[in-house]
Amino acid sequence: MAVFDNDDRSYLTWVNNFPQSFVANVLRAPNSNYFVIHQTNCATINGTKKDYTENSFTKNDYIKICTHNYHELTDWAQANRIRSKPIKNCGICKPQAEP
């Protein structure tokens, strides 16, 4: 598992190196309940959309949690975030937990 905070270059390298893995898009604030899981090939979080600007992934309001195992993300959320809303899966890439 890797946490990317203020490091878009390393984040995008990780995403491109592991196209079948998972990314949680998380608001930086520790008390945030925004937690959305994506597959790394999702255009909304992997830098392939043309309208993204430099530093738009991990340097503003969001951090990224990356792993090869879906359940590690849900475990991280339970350990590191106050949960008042359920963890969401991206409606575009529709990530699936491993069996």
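Okay, so let's go over this structure. Fair warning: this is a prediction, and the values are worked out from it, not measured in the lab.

Regarding the packing of aromatic side chains
Counting across every chain of the model gives six aromatic pairs. An angle of 45 degrees between the planes, with centres 4.8 Å apart, marks the rings of Trp 14 and Phe 18 as tilted. Assessed through its relative accessible area of 30%, Phe 18 is described here as partly exposed. A centroid spacing of 5.7 Å and a plane angle of 65 degrees characterise the contact between Tyr 34 and Tyr 62, whose relative ring orientation is edge-to-face. Highlighted residues: Tyr 34 in the loop between strand 2 (22-27) and strand 3 (35-39) and Tyr 62 in strand 4 (residues 62-67), separated in sequence by 28 residues. By relative accessible area, Tyr 62 is classed as partly exposed at 27%. In textbook terms, an aromatic cluster arises when at least three aromatic residues are bridged by ring pairs, as seen for Phe 4, Tyr 11 and Phe 57. Looking at Lys 64, its charged tip hangs above the ring of Tyr 11, at a distance of 5.7 Å from the centre.

Let's talk about the nonpolar core
If you look at the biggest cluster of nonpolar residues, it comprises 13 residues, and the most contacted ones within it are Phe 4, Tyr 11, Trp 14, Val 23 and Cys 66. Those elements giving two or more residues to this core turn out to be strand 1 (2-4) and helix 1 (8-17). The element contributing the most residues to this core is helix 1, with three residues. If we ignore the near neighbours within four places in the chain, the residues touching Val 23 are Tyr 11, Val 15, Val 36, Ile 37, His 38, Thr 40, Ile 45, Lys 64, Ile 65, Cys 66 and Leu 73. Counting eleven residues, the second largest nonpolar core, distinct from the first, contains Ala 24, Phe 35, Ile 37 and Ala 77.

Thresholds applied
- Residues numbered from 1 in each chain as written.
- Predicted model: local features only at pLDDT ≥ 70, side-chain atom pairs only at ≥ 80, totals over all residues.
- Heavy atoms only, no water.
- Phe/Tyr/Trp six-rings, centres within 6.5 Å; stacked < 30°, edge-to-face > 60°.
- Buried < 20%, exposed > 50% of the residue type's maximum accessible area, 1.4 Å probe, protein only.
- Helix = DSSP H or I, 4+ residues; strand = E, 2+ residues; numbered from the N terminus.
- Lys NZ or Arg CZ within 6 Å of the ring centre and 35° of its normal.
- Core = buried A, V, L, I, M, F, W, Y, C linked by side-chain atoms within 4.5 Å.
- Contact = heavy atoms within 4.5 Å.

The quantities given are spatial measurements derived from coordinates; they are silent on function.
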